[in-house]
Amino acid sequence: MTHLSAKVYGSVQGVNFRYFVTREARYLRLTGYVRNLPGGAVEVEAEGDKNQLQMLVEQLKVGPPGAQVTGVETSWSNYSGQFTAFEIRY
């Protein structure tokens, strides 16, 4: 179990990116959240099995139809257990 922090850049707001990430994360049984950031990026904080988190990162690089991902920054840290579900934050 580990913690992933990711920022996704490109045309990723206004294209259902948060809903896409939520669906993928729940399917992978991860906890955490996704939210839009000022400036146009999307932030993802997620916890769970490292292999499942790596699968999420691969999905972040693609995004939903309509998105144009130009970059994904990731960092890894220790699992905290602070999340009980995966949600969209506003």
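Whatever comes next refers back to the structure up there.
Residues numbered from 1 in each chain as written. Predicted model: local features only at pLDDT ≥ 70, side-chain atom pairs only at ≥ 80, totals over all residues. Heavy atoms only, no water.

Novice: What exactly am I supposed to notice about the packing of aromatic side chains here?
Specialist: Inspection of the entire model under this criterion finds two aromatic pairs. Seen in terms of ring centroids, phenylalanine 17 and phenylalanine 20 are 6.0 Å apart; in terms of plane orientation they differ by 55°. Their pairing is tilted. Taken together, the residues phenylalanine 17 and phenylalanine 20, both in helix H1 (residues 17-27) and three residues apart, mark about one turn of the helix. The same class applies to phenylalanine 17 and to phenylalanine 20, which are both buried. With 5.9 Å between their ring centres and 70° between their planes, tyrosine 33 and phenylalanine 83 make a pair best called edge-to-face. Of this pair, tyrosine 33 sits in strand E2 (residues 31-36) while phenylalanine 83 sits in the loop between strand E4 (68-78) and strand E5 (86-88), placing them 50 residues apart in sequence. Of the residues examined, tyrosine 33 reaches a relative accessible area of 10% and is grouped as buried. One Lys or Arg, lysine 50, reaches over the ring of tryptophan 76 and ends 4.7 Å from the middle of that ring. A cation sits over an aromatic face here: arginine 89 above tyrosine 33, 4.0 Å from the ring centre. (Phe/Tyr/Trp six-rings, centres within 6.5 Å; stacked < 30°, edge-to-face > 60°. Helix = DSSP H or I, 4+ residues; strand = E, 2+ residues; numbered from the N terminus. Buried < 20%, exposed > 50% of the residue type's maximum accessible area, 1.4 Å probe, protein only. Lys NZ or Arg CZ within 6 Å of the ring centre and 35° of its normal.)

Novice: Sorry if this is basic, but what is going on with the pairing of strand E3 (residues 42-48) here?
Specialist: A regular strand places its side chains so that they alternate between the two faces of the sheet. Counting buried positions along E3 gives seven out of seven residues, so the element sits mostly inside the fold. The two faces of E3 match: Val42, Val44, Ala46 and Gly48 on one face and Glu43, Glu45 and Glu47 on the other face are all buried. Of the strand pairs in this sheet, strand E1 (residues 2-11) and E3 are connected by seven bridges, and their pairing is antiparallel. Residue pairing in the sheet places leucine 4 in a bridge with alanine 46 of E3. Summarising the sheet, E2 and E3 pair through six bridges and their orientation is antiparallel. When the sheet's bridge partners are listed, tyrosine 33 is paired in E3 with glutamate 45. (Pairing = 2+ DSSP bridges.)

Novice: How do you make sense of helix H2 (residues 50-62) when you look at a structure like this?
Specialist: Owing to its 3.6 residues per turn, the α-helix aligns residues three or four sequence positions apart on the same side. The end-to-end C-alpha distance of H2, which contains 13 residues, comes to 19 Å, matching closely the 18 Å that a straight helix rising 1.5 Å per residue would cover. Along H2, the residues classified as buried are Leu53, Leu56, Val57 and Leu60. Down the axis of H2, the buried set is contained in an arc of 105°. They therefore lie on one face. Those residues of H2 that are exposed and aimed more than 90 degrees away from the buried face are Asn51 and Val62. Tucked into the core, H2 has its buried residues touching E1, H1, E3 and E4. Between the side-chain oxygen at the start of H2 and the backbone nitrogen of asparagine 51 there is a gap of 3.0 Å, and the oxygen is on aspartate 49. A positive phi of about 75° marks glycine 63, the residue just after H2. (Expected span 1.5 Å × (residues − 1). Arc of directions from axis to C-beta. Contact = heavy atoms within 4.5 Å. Polar contact = N/O pair within 3.5 Å; in protein donor to acceptor, adjacent residues only side chain to side chain.)

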